[in-house]
Amino acid sequence: MKKIIYHKYGPPEVLKVAEVEMPEPAAGQILVKVEAAGINPVDYKIRNGSLKLIMPGRFPRTPGGEIAGTVHKSGSSSSSFNPGDRVFAMLGMPQGGYAQYVAVKEKLLCSIPAELSFEEAAAVPLAGLTALQSLRDKGKITEGMRVLVNGASGGVGSYAVQIAKVYRAHVTGVCSGRNLSFVQDLGADTVINYETEDFTKTGNQYDIVLDAVAKKGFMGCYNILKPRGVYVSTLPSMGLLLRQTLNPLFSRKAFAIISSSRAGDLAFLGRLIEEGKLKVHLERAYTLDEVVQSHQRMESGRVRGKLVLKVFTGQPEEKIPQSEGRVA
Ligand SMILES: NC(=O)c1ccc[n+]([C@@H]2O[C@H](COP(=O)([O-])OP(=O)(O)OC[C@H]3O[C@@H](n4cnc5c(N)ncnc54)[C@H](OP(=O)(O)O)[C@@H]3O)[C@@H](O)[C@H]2O)c1
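The rules behind these values
- Residues numbered from 1 in each chain as written.
- Predicted model: local features only at pLDDT ≥ 70, side-chain atom pairs only at ≥ 80, totals over all residues.
- Domains from an automatic or database assignment.
- Contact = placed C-beta atoms within 7 Å.
- Nonpolar A, V, L, I, M, F, W, Y, C, P; charged D, E, K, R; others polar.
- Near = placed C-beta within 6 Å.
- Helix = DSSP H or I, 4+ residues; strand = E, 2+ residues; numbered from the N terminus.
- Core = buried A, V, L, I, M, F, W, Y, C linked by C-beta atoms within 7 Å.
- Buried ≥ 20, exposed ≤ 12 C-beta atoms within 10 Å, placed from the backbone.
- Pairing = 2+ DSSP bridges.

## Quick look at the domain arrangement of the protein
Reasoning step 1: Here the protein is partitioned into domain 1 (2–124 + 280–310) and domain 2 (127–256).
Reasoning step 2: Distance between the C-alpha centres of domain 1 and domain 2: 27 Å.
Reasoning step 3: Across the boundary between the two partners, domain 1 contributes eight residues, which contact nine residues of domain 2.
Reasoning step 4: Grouping the constituent residues of the side of domain 1 that touches domain 2 by class yields three nonpolar, three polar and two charged.

## Quick word on the site of the ligand
Reasoning step 1: Taken together, the neighbourhood of the ligand is formed by 30 residues, with Pro41, Gly154, Gly155, Ser176 and Thr234 sitting nearest.
Reasoning step 2: When residues of the shell around the ligand are traced back to their parent elements, those giving at least two are α1 (41–47), α3 (125–138), α4 (155–166) and β9 (170–175).
Reasoning step 3: Of the residues that constitute the shell around the ligand, the class distribution is 14 nonpolar, 13 polar and three charged.

## Structural notes on the nonpolar core
Reasoning step 1: Counting residues in each nonpolar core, the largest one holds 98 residues, and the members touching the most others are Phe88 and Val147.
Reasoning step 2: No other element matches the seven residues that strand β3 (residues 29–39) contributes to this core.
Reasoning step 3: Discounting chain neighbours no more than four positions away, the residues touching valine 147 are Ile141, Ala164, Ala169, His170, Val171, Tyr206, Asp207, Ile208 and Leu210.

## Focus on the environment of leucine 278
Reasoning step 1: Locating leucine 278 in the fold gives a position in the loop between α8 (263–274) and β14 (282–287).
Reasoning step 2: The exposure class of leucine 278 is buried, given the 24 C-beta atoms found within 10 Å.
Reasoning step 3: Sequence separation between leucine 278 and valine 124 is 154 residues; the distance between their C-alpha atoms is 10.0 Å.
Reasoning step 4: Non-local contacts of leucine 278, meaning those with residues more than four positions away in its chain, are made with Gln162, Ile163, Leu269, Leu272 and Ile273.

## Let's talk about the pairing of strand β4 (residues 66–74)
Reasoning step 1: Among the nine residues of β4, eight are classified as buried, and the element is accordingly described as predominantly covered.
Reasoning step 2: In this sheet, β4 lies alongside β3 in antiparallel orientation, the contact comprising seven bridges. If you follow isoleucine 30 over to β4, its bridge partner there is serine 74.
Reasoning step 3: Relative to strand β5 (residues 86–90), β4 runs antiparallel, the two being bridged by five bridges. The partner of threonine 70 across the bridge, within β5, is arginine 86.

Written as structure tokens, this is what we have:
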């Protein structure tokens, strides 16, 4: 089978397509035939070594924190999934989603809503769960709250705007001029063009600031938080983590979100998709052979919505061993 590997930290060009043995699922795991894998900023941050102190690992490494595909076989004698079932998941460490087959803990897997293609499904887990867990678990979002999403046109932000609207919040999205109508179409009530206006100087205050850019940081956003407001950043820093430990002493709270892979939360996002309340916005799907370009684009910081890798599509047909009968 094919997978993307790299043998050292470095630029996108370290990523190579390799032929490797198929993995065997251990007990409690399902071997998933990966049709598409989501691409996220963390993939290039691990690849270029910027996270090596907190996410060390051995080489060769394979990027990819989220996948969508079909159940191939189970490592256990019983399973709630059958071969061919369409599934998606956010993977735990050490990730490895840019591969034609991945062994995934069964408890992380969730059925893909019928409406979604594999490419769309692969774009949901990591950014979608981050947005949901930031707003619901950290922000304690409720109806009528005023929510500001900084980076509203990106992977996390595009889900956050829509999820905040599901909770009937009033949403302000911050993005560049070229993305104003995109963010409005996501459902934002107000949009701020960061190229012409500083969102920290409008005089408005918010119950939740979800910051997926983190250029201003908690202190930069302090004055736009209501007295009991919550700041949630997707970019943990030492200062923010320290401030988070001091939250009980202050009315304004600060959190660094570390998203977690929960199939129950993914199922919740799936229901929103089925109900037409959450849409997936794909900027582009790349083939495995275009993986270098996909990381170059991700690193630009200008992606609108999400990028994915088509892991099987576009690849020459291979002889793949068939799975044996029912999984369950
Ligand atoms: N802690 C966690 O668990 C977790 C989980 C997911 C993501 N993250 C992190 O969160 C960050 C965002 O992730 P993502 O997937 O949303 O990234 P992304 O998709 O790469 O974000 C790109 C978007 O950011 C916007 N942007 C760039 N500069 C901006 C600025 N100054 N102000 C407002 N918007 C700006 C761009 O819009 P324009 O083109 O309009 O500028 C673009 O649409 C990344 O650093 C990622 O590593 C952390």
